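Each chain, written out:
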Amino acid sequence: MKITVLGTGYLGATHAASMAELGYEVLGVDVDPAKVDALSRGELPFHEPGLAELLREHVGSGRLRFTTSYEEAGAFGDVHFVGVGTPQRPGAFAADMRFVDAAVGSIAAAATKDCVIAGKSTVPVGSARRLADLARASARPGVDVQLVWNPEFLREGFAVADTLCPDRMVLGLDGADGARAEAVMRRVYARQLESGVPLIVTDYETAELVKVAANAFLATKISFINALSELTEVVGGDIRTLADAIGLDERIGRKFLNAGVGFGGGCLPKDIRALRARAAELGVEQSVRFLAEVDDVNTRRRGATVQAVTEMLGGSVVGKQVAVLGAAFKPDSDDVRDSPALDIAARLHSIGAEVAVYDPKANANAAKRYPRLDYVGSLEAAVTGAEVVVLLTEWAEFKAMTPAQLEPLVAVPQILDGRNVLDPQQWEAGGFTYRALGRRALPVA
């Protein structure tokens, strides 16, 4: 079988290179000629560990190609994966489906042979059934186009492994009419299934909900521990010890119980808002009303961080030198979409601080969003002259830094650990005033 991948952003480029790694001939399709040209040269327009090497290898071998032509893709592919974006609709919480609709309609119309369209984009529940109708209506006479919904579960920083060795696969099918699509997808993923990857075969609606439900649960878990951290700060507790203790309960687990500045990126914030919007359209908004508070707790962490920095600087940041470590929303990524780190840096700058930002990979993307910040090329440059160091993205470089490394460079030895990843005793013993979200800065009155 030959594979096409429609959309060559983060999801699409990763999937295309991974399908080539599995041995398929793959054609990536994008409407952006500049992106297609760059990928065709083996140049990845974003940072993802291991992906650039995979891209260069399979572009070089000829197994992976890129085009702007849906007509070429329609004649080439037996399976067409849809990986285009579903951004938040301007001025609303709902997902913008224009790009998915265009991709499905275009490839169905261009297909010259029986094929399967496999949707991977995160879409509102109910979309797949509508898109299946669109595909059938757009197809040429005599060409059988079937739709399957195959949500992605990629973690930025681990996307290649998550594609090649996923922890589960989900196929959403159109009842008995999806038998051929299921058989084709089992062939596509034969290697993973033979290795024991769990496969769940279900209806369209359940498959659509799996991804957003997973993201909503993770967002809720993060906001839960951050809400508790607001309490531990007031009473003098330690949120890390609390998380360790409750995380030992196997019903809860320790993962994603890391208090700090909150979640961001292109998935969790967007997906919980889109789920709320879709629930409201379906008349069951009360079922997911708690997600509004999840979102609010997450946003409050950014303001709480700015307030903590202000307190550490004596009540005002005006004219003060602040070193911000991190701009990406998470380590091992250059993604700054809805990044707490970048938002906090911008807020500090807006109220008068002199902010120096350093991120090992995301400086360039951050500068496109907030060009007025001062971006520097090293940890040393960021902390030199700083009156407070603010760790906001837990890159390995920042987790490994020491008080002895920073003390000769800073103007005032104090640090705010926005991710709770440093050893408080080490930093306090090294002469630093250490503060972390979820820990009381002053004795309880």
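This text goes with the structure placed above it.
Small disclaimer: the values here were computed from a predicted structure and weren't measured.

**Quick notes on the nonpolar core**
Right, on to step 1. Counting 39 residues, the largest nonpolar core has Ile3, Met19, Val26, Leu64, Phe81, Met185 and Val188 as the members making the most contacts within it.
Right, on to step 2. Among the elements that line this core, the one with the most residues is helix α1 (residues 10–21), at seven residues.
Right, on to step 3. Ignoring any residue separated from it by four or fewer positions in sequence, one finds Val188 in contact with Met1, Ile3, Met19, Tyr24, Val79 and Phe81.
Right, on to step 4. If you look at the next biggest cluster of nonpolar residues, it comprises 32 residues, including Leu6, Ile107, Ala110 and Phe153.

**A word on the pairing of strand β4 (residues 79–82)**
Right, on to step 1. Both faces of β4 are covered, namely the face carrying Val79 and Phe81 and the face carrying His80 and Val82.
Right, on to step 2. For β4 and strand β5 (residues 115–119), the ladder comprises four bridges, and the chain directions are parallel. Its bridge partner being in β5, Val79 is matched across the sheet by Val116.
Right, on to step 3. You can see the chain leave β4, run along helix α5 (residues 98–110) and come back into β5, and the turn it takes is right-handed.

**Topic: α5**
Right, on to step 1. Taking 1.5 Å per residue, 13 residues should reach 18 Å; α5 reaches 18 Å between its end C-alpha atoms and fits that length.
Right, on to step 2. By the burial criterion, the buried members of α5 are Val100, Ala103, Val104, Gly105, Ile107, Ala108 and Ala110.
Right, on to step 3. Buried residues along α5 sit in contact with β1 (2–6), α4 (70–76), β4, β5, α6 (127–138) and β6 (145–149).

**A word on the side chain of Asp334**
Right, on to step 1. Relative to the helices and strands, Asp334 is located in the loop between β9 (321–325) and α14 (340–350).
Right, on to step 2. Although Asp334 lies buried, it forms no salt bridge, and the closest oppositely charged side chain, Lys368, sits 8.0 Å away as judged by the N-O distance.
Right, on to step 3. A polar atom in the side chain of Asp334 sits 3.0 Å from the backbone nitrogen of His47.
Right, on to step 4. With residues near it in sequence (within four places) discarded, Asp334 still touches Phe46, His47, Ala328, Lys361, Ala362 and Asn365.

**Some points on the packing of aromatic side chains**
Right, on to step 1. Evaluated as defined, the whole model comprises four aromatic pairs.
Right, on to step 2. Aromatic pair Tyr358 and Phe398: ring centres 5.8 Å apart, planes at 75 degrees, arrangement edge-to-face. Within this pair, whereas Tyr358 is found in strand β10 (residues 354–358), its partner Phe398 is found in helix α17 (residues 396–400), the two being separated by 40 residues in sequence. A single burial state applies to Tyr358 and to Phe398, both of which are buried.
Right, on to step 3. Positioned above the aromatic ring of Phe76, the side-chain terminus of Arg65 is 5.6 Å from the ring centre.
Right, on to step 4. In this structure, Arg168 packs its charged tip against the face of Phe153, placed 3.7 Å from the ring centre.

**Quick look at the pairing of β9**
Right, on to step 1. Most of β9 sits inside the fold, with four of its five residues counted as buried.
Right, on to step 2. When β9 meets β10, the two strands line up parallel, connected through five bridges. When the bridges of β10 are listed, Leu325 appears paired with Tyr358.
Right, on to step 3. With α14 bridging β9 and its parallel neighbour β10, the resulting β-α-β unit is right-handed.
Right, on to step 4. Pairing geometry for β9 and strand β12 (residues 388–391), over four bridges, is parallel. The partner of Leu325 across the bridge, within β12, is Leu391.

**Considerations on the packing of helix α10 (residues 204–235) against helix α11 (residues 239–247)**
Right, on to step 1. Two elements in contact, α10 and α11, have axes separated by 9 Å at closest approach and are oriented at 135 degrees. The angle between α10 and α11 places the two elements in the oblique class. Where α10 crosses over α11, the handedness of that crossing is right-handed. Only Ile239, Leu242, Ala243 and Ile246 of α11 make contact with α10, whose side of the interface consists of Phe224, Ile225, Leu228, Ser229 and Thr232.

**Focus on the side chain of Asp174**
Right, on to step 1. Along the chain, the position of Asp174 falls in the loop between β7 (169–173) and α8 (179–188).
Right, on to step 2. Among the residues examined, Asp174 registers a relative accessible area of 17% and is labelled buried.
Right, on to step 3. Reaching out from Asp174, the side chain makes a polar contact with the side chain of Arg129 at a distance of 3.0 Å.
Right, on to step 4. Filtering out sequence-adjacent residues up to four positions away, Asp174 remains in contact with Arg129, Arg136 and Tyr204.

Scoring rules and cut-offs
- Residues numbered from 1 in each chain as written.
- Predicted model: local features only at pLDDT ≥ 70, side-chain atom pairs only at ≥ 80, totals over all residues.
- Heavy atoms only, no water.
- Core = buried A, V, L, I, M, F, W, Y, C linked by side-chain atoms within 4.5 Å.
- Buried < 20%, exposed > 50% of the residue type's maximum accessible area, 1.4 Å probe, protein only.
- Helix = DSSP H or I, 4+ residues; strand = E, 2+ residues; numbered from the N terminus.
- Contact = heavy atoms within 4.5 Å.
- Pairing = 2+ DSSP bridges.
- Right-handed = clockwise from strand over helix to strand, strands pointing away.
- Expected span 1.5 Å × (residues − 1).
- Lys, Arg positive; Asp, Glu negative; His and termini not counted.
- Salt bridge = Lys/Arg side-chain N within 4 Å of Asp/Glu carboxyl O.
- Polar contact = N/O pair within 3.5 Å; in protein donor to acceptor, adjacent residues only side chain to side chain.
- Phe/Tyr/Trp six-rings, centres within 6.5 Å; stacked < 30°, edge-to-face > 60°.
- Lys NZ or Arg CZ within 6 Å of the ring centre and 35° of its normal.
- Axes fitted to C-alpha atoms, helices over the stretch in contact; angles between N-to-C directions.
- Parallel < 35°, antiparallel > 145°, perpendicular 65-115°, else oblique.
- Left-handed = near helix turned anticlockwise from the far one by under 90°.

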